[in-house]
Every structure is written in structure tokens, then in C-alpha cells.
Amino acid sequence: MAQLNNNIQHLVNIAQKDTRIGIGLMSGTSLDGLDIALCKFTGAGLQTRCQLLQFTTVPYQDFFKSEVRTIFSRRQVDLEKVCLLNDHIGSYHAELILQALAEWNVKPTDVDFIASHGQTIYHAPKRLHGQEGYHNATLQIGDGDHIASKTGILTISDFRQKHIAAGGEGAPLALYGDVLLGSKPGEDRILLNIGGISNLTYLPADSDMAKVLCSDIGPGNTLIDMFCRKYFDKAFDEDSAIAFSGEVNEGLLNSLLKHPFFGEQPPKTTGPELFNEEYVSKAQERSGTTHIDPKDVIATLSAFTGKAIADFVAAYLPKDAKLFVSGGGANNRFVMQYLKHALSAITITDTAALGINPDAKEAILFALLGNEALAGEPSVIGNNPAVLMGKFSFAG
Ligand SMILES: Nc1ncnc2c1ncn2[C@@H]1O[C@H](COP(=O)(O)OP(=O)(O)OP(=O)(O)O)[C@@H](O)[C@H]1O
Ligand SMILES: CC(=O)N[C@H]1[C@@H]2OC[C@@H](O2)[C@@H](O)[C@@H]1O[C@H](C)C(=O)O
């Protein structure tokens, strides 16, 4: 039998290890920074044990954010910029990983793999684009080869394409990790992530995989952040100070909630391609609220995030489930207060109660998907594609 080449041999060695050290990377729709989670895995599939060893969010520089925003969720872009950023984001993320490892005193050779989400620049499920002859589509950039070459670490990336190839919308992928890390027999649980877009996974008490539901809900922080930048020159509404100083405008809130997306059956996905400045302007025009105080706009957008989540939970999930929140939105006091009021029968805490750092959850998720790609088996969860995801980039 011919000998395996070094790359394949290295891959086989990692796949056969009892424990693996992996880095999960998440750069989300909020564009606030790169989340880097260093994790230790034992086993795979339902036997997975995952320990978060280190975590950091490296904030993005304003210049980087504004460069990405020139192509982010826009239908018309400078194609050269897309090409440049695909390379640049991969190289930049590699640099940030190496810096983080140096700070943690971890040698790159001690890390078995990197699992990189990349940067979503456009998410186009068919429900959004509606174009005949085209299927669900999504695009994440920040090429894995650049990360592998620069760090010397086996890199797994571009997770969403396999999900689409198998009939999904390319998101949410959270369920694959939530089932492994968040289920508890005897307890109905909801794991809610409020990032740029909010999404949740329902984990039934009887562990019946057919009942697991994972879906996007609507805007999380994306509109709040956008209008904080527009009116207040702030990246986000820290501790909801602006929202609390304003008043919710019920006319605008009702108008924001009037979109067919909210009536569509889950699972479903969305993004800033739908929930953007134009979406809010149109809702303002329809409700005659174009001239309301910017503080009231922020309060109303915050209530919009809360109400969309509360309506979804009330419509589809058990009334006595326990809800665990993660993502930057867990720090938005206005949204959290809104949820506690609207879902008074449900116990709401953050995922720290489950031993999962709420800020790190999505980066851990991608590390876990990388671990599955190496050593797991596809599993059937509800009617979600039973796939192992991610593409392998070798360092050499
Ligand atoms: N103290 C705070 N007060 C209010 N909002 C906060 C606070 N801290 C963080 N946030 C919100 O959280 C956002 C970052 O959230 P997160 O990092 O979960 O998003 P993401 O990973 O980009 O999103 P996605 O899950 O959609 O990809 C910030 O942009 C801000 O809106
Ligand atoms: C296309 C894309 O990047 N979607 C993200 C986004 O951010 C939140 C929500 O929209 C979710 O569907 C998804 O990310 C998480 C990690 C997921 O796939 O579960």
C-alpha cells in the first residue's frame, strides 16, 4: 500500500486522537470583532466533552469595519474589494490567532485545528431572493488556506456550503452544537443567541431529536447598532442607556413587525439583507413616524428585537421551558427586561448557568463543528441536513 502523504497522515493522526485542542473563530454580523475560543475536546458526537481553555474577542479597527461594510449585505459591490478582502480577512484572522496564542503562552504546534466561520458578506436564502432557477445561497469570505499557511495549523472553514448542498439554508448551524452541549433530559430548554440576528434552538425534555427546532427569529442587535451609528455616532447602545431614555413608539413597532418573514413557519433564516436601514425607513413612512426623536427610534428598535423573540417563543415553544441567552444582546438590558416581562412564565438566565460563556458560545460552536468534521458522524436532528461540514486546508 502506498504511504500517505504528510498532510493526510497529519489529518489521520488528529482524527484518531482521544483529545484534541481546537480553536473556534466567529466573526458575526455585528462586525464588532473576532471571537477566538481555544477549546479542548474529548471524543465526538454525543460523547463530546468540551472545555473552554481561553477566550477573547479582538475588537476590529474602524478602518477594517468600514472596508467590510462596503461589501457587507449589499447587492452591488466593488468585486475587486471582495477579492481583496477574501485574502485579507483570512490573513488578518491568522495574525489575530497568533497574537492570542502568544498571549496565552500556547504554541501553535500544540493546536490541532482551527475551525473558522469567516465573514458572512451575503446571505440569500430562496425565501429572500425568490429568483427562479436559483437555490438557497450564502457567502462567507476569509479563505482558510491563508489561515492554515500563516499559522501552520490545519484549518477547517466554509461550514455553511455543505448545509446548503444538503438542502438547508446554510444556517442556523447552532443546533448541531446546542444539542451536544445544551440538552438535558427532563428539561425543556431554549438556547437563544442575540447577535446581529437573533436565533434559537429548542431542546425538548424527552430528548426526541425529531422535536428539536432551530431557527433565526429576526433582528438582534443589527438595527439597534445601525441607528446608534447613524444618530449618535456610537457603535452600540451601551447598557441600553439610549433605549431607556426614549419611548417605544407603538405605531412604528407594529409597522416593523409587519413583514411576511414573521408569519413564515420555522425553521427559517434571515440577515441584514432584509433587516436594514431601508426596512426601518419604509416602516417609518408607513406609520407616519419619520420625524420621531432618535431616542424613541432606538427604544422602538430594541422593543422590536424583544417582541419578535417573545412572539416566536409564545407561538412555537412550551410555556414552561427554561431559556438561556447568549451573544452580545444578552448585555442589552432593555431587550432582556422586555423578554422577562413578555415571557413572565419562562425562567430566563444566560448560558453561563450551563457553564457556557455567553460571549464565547458561537466561537465554541464552530470549534465543535470542526471537531465533528474530524471525528464525528452525521446525525439526524429533526429535518435538518445530516451532514458533517467544513473544508480542510493544510498548512503545508
Ligand atoms: N453592554 C452592552 N449593552 C448593549 N448592547 C451590547 C453590550 N455589549 C454588547 N452588546 C451588543 O452585542 C453586539 C455584539 O454581539 P455578538 O458579538 O454576539 O454579535 P455577532 O457575533 O456579530 O452576531 P451574529 O450572532 O449575528 O453573527 C454589539 O454590537 C452590541 O449591539
Ligand atoms: C449566514 C449567517 O452568517 N448567519 C448567522 C447570522 O448570525 C446569527 C444568525 O444569523 C445565524 O443564522 C447565523 O449564525 C449562527 C452562528 C448559526 O449559524 O447558528
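- Per an unreviewed UniProt entry, the protein chain goes by the name Anhydro-N-acetylmuramic acid kinase and belongs to Mucilaginibacter antarcticus.
- Listed under Sequence similarities (unreviewed entry) in UniProt, the entry text for the protein chain is "Belongs to the anhydro-N-acetylmuramic acid kinase family."
- Reading the Catalytic activity (unreviewed entry) entry of the UniProt record for the protein chain gives the comment "1,6-anhydro-N-acetyl-beta-muramate + ATP + H2O = N-acetyl-D-muramate 6-phosphate + ADP + H(+)".

## So, the packing of aromatic side chains
Then comes step 1: By the definition in use, this model includes 16 aromatic pairs.
Then comes step 2: Taking 5.4 Å as the distance between ring centres and 55° as the angle between the ring planes, the aromatic pair formed by Phe244 and Phe334 counts as tilted. Linking Phe244 in helix 9 (residues 241-245) with Phe334 in helix 14 (residues 333-342), this pair joins segments that are 90 residues apart in sequence.
Then comes step 3: Classification of Phe244 as partly exposed rests on a relative accessible area of 33%.
Then comes step 4: For Phe334, a relative accessible area of 12% translates into the label buried.
Then comes step 5: Between Phe261 and Phe262, the ring centres sit 5.8 Å apart and the planes meet at 80°, which makes this aromatic pair edge-to-face.
Then comes step 6: An aromatic cluster is present here, built from Phe261, Phe262, Phe275, Tyr279 and Phe304 joined pairwise through their rings.
Then comes step 7: Geometry around Phe261 places Lys268 over its ring, the cationic atom sitting 4.7 Å from the centre.

## Quick notes on the sheet that holds strand 11 (residues 347-350)
Then comes step 1: One open sheet accounts for five strands, arranged 9-8-7-10-11; its pairing is mixed. Each edge of the open sheet carries a strand with a single partner, namely strand 9 (213-219) and strand 11. Looking at each pair of strands side by side, their axes are set apart by 20° on average, direction ignored.
Then comes step 2: Note that strand 10 (residues 322-326) and strand 11 share four bridges and pair parallel.

## Considering the site of ligand 2
Then comes step 1: Inspection of the region around ligand 2 gives 15 residues, with Thr120, Arg160, Leu173, Ala174 and Asp216 positioned closest.
Then comes step 2: The backbone of Leu173 places a nitrogen or oxygen atom 2.8 Å from an oxygen atom of ligand 2.
Then comes step 3: Within the backbone of Ala174, an N or O atom sits 2.9 Å from an oxygen atom of ligand 2.
Then comes step 4: Look at ligand 2: alone it shows 440 Å² of surface, and the protein chains cover 97% of it.
Then comes step 5: Within the residue set of the shell around ligand 2, elements represented by two or more residues are strand 4 (113-124), strand 5 (137-141), strand 8 (197-203) and helix 15 (361-375).
Then comes step 6: Tallying contributions element by element places strand 4 first for the shell around ligand 2, with three residues.

## What about the site of ligand 1?
Then comes step 1: Lining the immediate surroundings of ligand 1 are 22 residues, of which Thr29, Ser30, Gly196, Asp225 and Gly328 lie closest.
Then comes step 2: Between an oxygen atom of ligand 1 and a side-chain N or O atom of Asn193, the distance comes to 3.5 Å.
Then comes step 3: Gly328 places a main-chain nitrogen or oxygen 2.8 Å from an oxygen atom of ligand 1.
Then comes step 4: Protein burial of ligand 1: of its 660 Å² of free accessible surface, 88% is covered by the chains.
Then comes step 5: Broken down by class, the residue content of the shell around ligand 1 amounts to four nonpolar, twelve polar and six charged.
Then comes step 6: Inspection of the shell around ligand 1 shows a minimum of three residues originating in each of domain 1 (6-171 + 360-393) and domain 2 (174-354).

## Some words on the UniProt feature "binding site: ATP" (unreviewed entry) in the protein chain
Then comes step 1: The UniProt record annotates "binding site: ATP" (unreviewed entry) at Gly28, Thr29, Ser30, Leu31, Asp32, Gly33, Leu34 and Asp35.
Then comes step 2: On the secondary structure map, Thr29 appears in the loop between strand 1 (19-27) and strand 2 (33-42).
Then comes step 3: Among the residues examined, Thr29 registers a relative accessible area of 22% and is labelled partly exposed.
Then comes step 4: Setting aside anything within four residues of it in sequence, one finds Thr29 in contact with Phe72, Gly196, Ile197 and Pro272.
Then comes step 5: Looking at where Leu31 falls in the secondary structure, it is placed in the loop between strand 1 and strand 2.
Then comes step 6: Look at Leu31 and you get buried, because its relative accessible area is 1%.

## Considerations on helix 5 (residues 144-151)
Then comes step 1: Taken together, the buried positions of helix 5 are occupied by Gly144, Ile147, Ala148 and Thr151. An end-on view of helix 5 places all buried positions within 95° of arc, on one side of the element.
Then comes step 2: Along its buried surface, helix 5 packs onto strand 1, helix 3 (79-103), strand 4, strand 6 (155-157) and strand 12 (391-393).
Then comes step 3: For helix 5, the N-terminal cap is Asp143; the gap from its side-chain oxygen to the backbone nitrogen of Asp145 is 2.9 Å.
Then comes step 4: Residue Gly152 follows helix 5 closely and has a positive phi angle near 75°.

## Describing the packing of helix 13 (residues 294-316) against helix 14
Then comes step 1: Two elements in contact, helix 13 and helix 14, have axes separated by 9 Å at closest approach and are oriented at 40°. In terms of their interaxial angle, helix 13 and helix 14 are classed as oblique. Considering only the axes of helix 13 and helix 14, their crossing is right-handed. Judged by residue contacts, Ala299, Ser302, Ala303, Thr305, Gly306, Lys307, Ile309 and Ala310 of helix 13 engage Phe334, Val335, Tyr338, Leu339 and Ala342 from helix 14.
Then comes step 2: When its residues are assigned to classes, the contact of helix 13 with helix 14 shows nine nonpolar, three polar and one charged.

Rules and cut-offs
Residues numbered from 1 in each chain as written. Chains lettered and ligands numbered in written order. Predicted model: local features only at pLDDT ≥ 70, side-chain atom pairs only at ≥ 80, totals over all residues. Heavy atoms only, no water. UniProt positions renumbered as here; feature names shortened; annotations may be inferred. Phe/Tyr/Trp six-rings, centres within 6.5 Å; stacked < 30°, edge-to-face > 60°. Helix = DSSP H or I, 4+ residues; strand = E, 2+ residues; numbered from the N terminus. Buried < 20%, exposed > 50% of the residue type's maximum accessible area, 1.4 Å probe, protein only. Lys NZ or Arg CZ within 6 Å of the ring centre and 35° of its normal. Pairing = 2+ DSSP bridges. Axes fitted to C-alpha atoms, helices over the stretch in contact; angles between N-to-C directions. Near = heavy atom within 4 Å. Polar contact = N/O pair within 3.5 Å; in protein donor to acceptor, adjacent residues only side chain to side chain. Areas by Shrake-Rupley, 256 points an atom, 1.4 Å probe, with all protein chains shown as cover. Nonpolar A, V, L, I, M, F, W, Y, C, P; charged D, E, K, R; others polar. Domains from an automatic or database assignment. Contact = heavy atoms within 4.5 Å. Arc of directions from axis to C-beta. Parallel < 35°, antiparallel > 145°, perpendicular 65-115°, else oblique. Left-handed = near helix turned anticlockwise from the far one by under 90°.

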